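# Summary of structural features
Here is how the chains run, residue by residue.
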Amino acid sequence: NTAYTKTYMVQVRYLGTGEAFDDRLPNTSLVYEGDRRILLDCGYSIPHELWKHSTDPDWLDAIYLTHFHADHCFGLPAVLARLNHDGRTRPLQLFGGPGSSEAAKAVLQLGYPGMLTRLQYSLDSVEIAPMTSASCGCVQIRTARSSHSIVNHAVRLEENGVSVCYSGDGAPT
């Protein structure tokens, strides 16, 4: 008998590695790809980078926003509107730290007033308090507040013994 060991693969796809005012590189953002696909931050230059990888409206399972500076969240209205336009019907989870649900609603309202009432899919906001966790499929999501000019919640994604950490814009506390 030959025993087979299943290799578990998690991939990280970098959509951008630039900072807020970098005219050469898109805003820092990445997609975690394991049991679920989770977009980590969605700055104003990210929607077109995301669409280069997939225009399938059901490709993403969730979005995590570390904080609400433009280079981390102003792409959210365009992404959600396009998912709606392209026919998404399954729920999308929107994760962030405490207060993120209201902040995301404000960004969406500024981008496309009334958009939330027109979505044909459910947008499920989940706020994760620091040092607690939530799940997205088999992915455990943990947050920790980091030092930044506004509230920023770094994130750790854990799945089958694999961890991926992303700080957004923050220094350890």
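Quick note: structure is the one above.
Residues numbered from 1 in each chain as written. Predicted model: local features only at pLDDT ≥ 70, side-chain atom pairs only at ≥ 80, totals over all residues. Heavy atoms only, no water.

## Here's the deal with the pairing of strand S3 (residues 37–40)
Pairing geometry for strand S2 (residues 29–33) and S3, over four bridges, is antiparallel. Each residue of the ladder has a partner; that of Leu30, found in S3, is Leu40. Where S2 hands over to S3, the hairpin turn is made up of three residues, counted between the paired strands. As paired strands, S3 and strand S4 (residues 62–65) are joined by three bridges and run parallel to one another. Paired with Ile38 across the two strands is Ala62, which belongs to S4. Note on the crossover from S3 through helix H1 (residues 46–53) to S4: the handedness is right-handed. (Pairing = 2+ DSSP bridges. Helix = DSSP H or I, 4+ residues; strand = E, 2+ residues; numbered from the N terminus. Right-handed = clockwise from strand over helix to strand, strands pointing away.)

## What about helix H4 (residues 100–111)?
Think of an α-helix as 3.6 residues a turn; residues three or four steps apart then line up on the same face. An ideal rise of 1.5 Å per residue puts 16 Å on twelve residues; H4 measures up with 16 Å between its terminal C-alpha atoms. Among the residues making up H4, those that are buried are Ser100, Ser101, Ala104, Val107 and Leu108. One side of H4 carries all its buried residues, which in axial view fall inside an arc of 125 degrees. Within H4, the exposed residues directed more than 90 degrees away from the buried face are Glu102 and Leu110. Buried positions along H4 lie against helix H2 (70–73), helix H3 (76–85), strand S5 (92–96), helix H5 (115–118) and strand S6 (123–127). (Expected span 1.5 Å × (residues − 1). Buried < 20%, exposed > 50% of the residue type's maximum accessible area, 1.4 Å probe, protein only. Arc of directions from axis to C-beta. Contact = heavy atoms within 4.5 Å.)

## Overview of the state of the cysteines
For the coordinates displayed, the defined rule picks out zero disulfides. This cysteine, Cys42, is not joined by any disulfide, and Cys73 carries the nearest cysteine sulfur, 8.6 Å off. Overall, the relative accessible area of 0% leaves Cys42 in the buried class. Cysteine Cys165 shares no disulfide, and the gap to the nearest cysteine sulfur, in Cys136, comes to 17 Å. Look at Cys165 and you get exposed, because its relative accessible area is 56%. (Disulfide = S-S within 2.5 Å.)

## Thoughts on the packing of H3 against H4
Close contact between H3 and H4 brings their axes to 9 Å; oriented N to C, the two are set at 75 degrees. Considering their axes alone, H3 and H4 lie roughly perpendicular with respect to each other. Residues Leu76, Pro77 and Leu80 of H3 pack against Ala104, Val107, Leu108 and Gly111 of H4. The residue makeup of the contact of H3 with H4, split by class, is six nonpolar, one polar and no charged. (Axes fitted to C-alpha atoms, helices over the stretch in contact; angles between N-to-C directions. Parallel < 35°, antiparallel > 145°, perpendicular 65-115°, else oblique. Nonpolar A, V, L, I, M, F, W, Y, C, P; charged D, E, K, R; others polar.)

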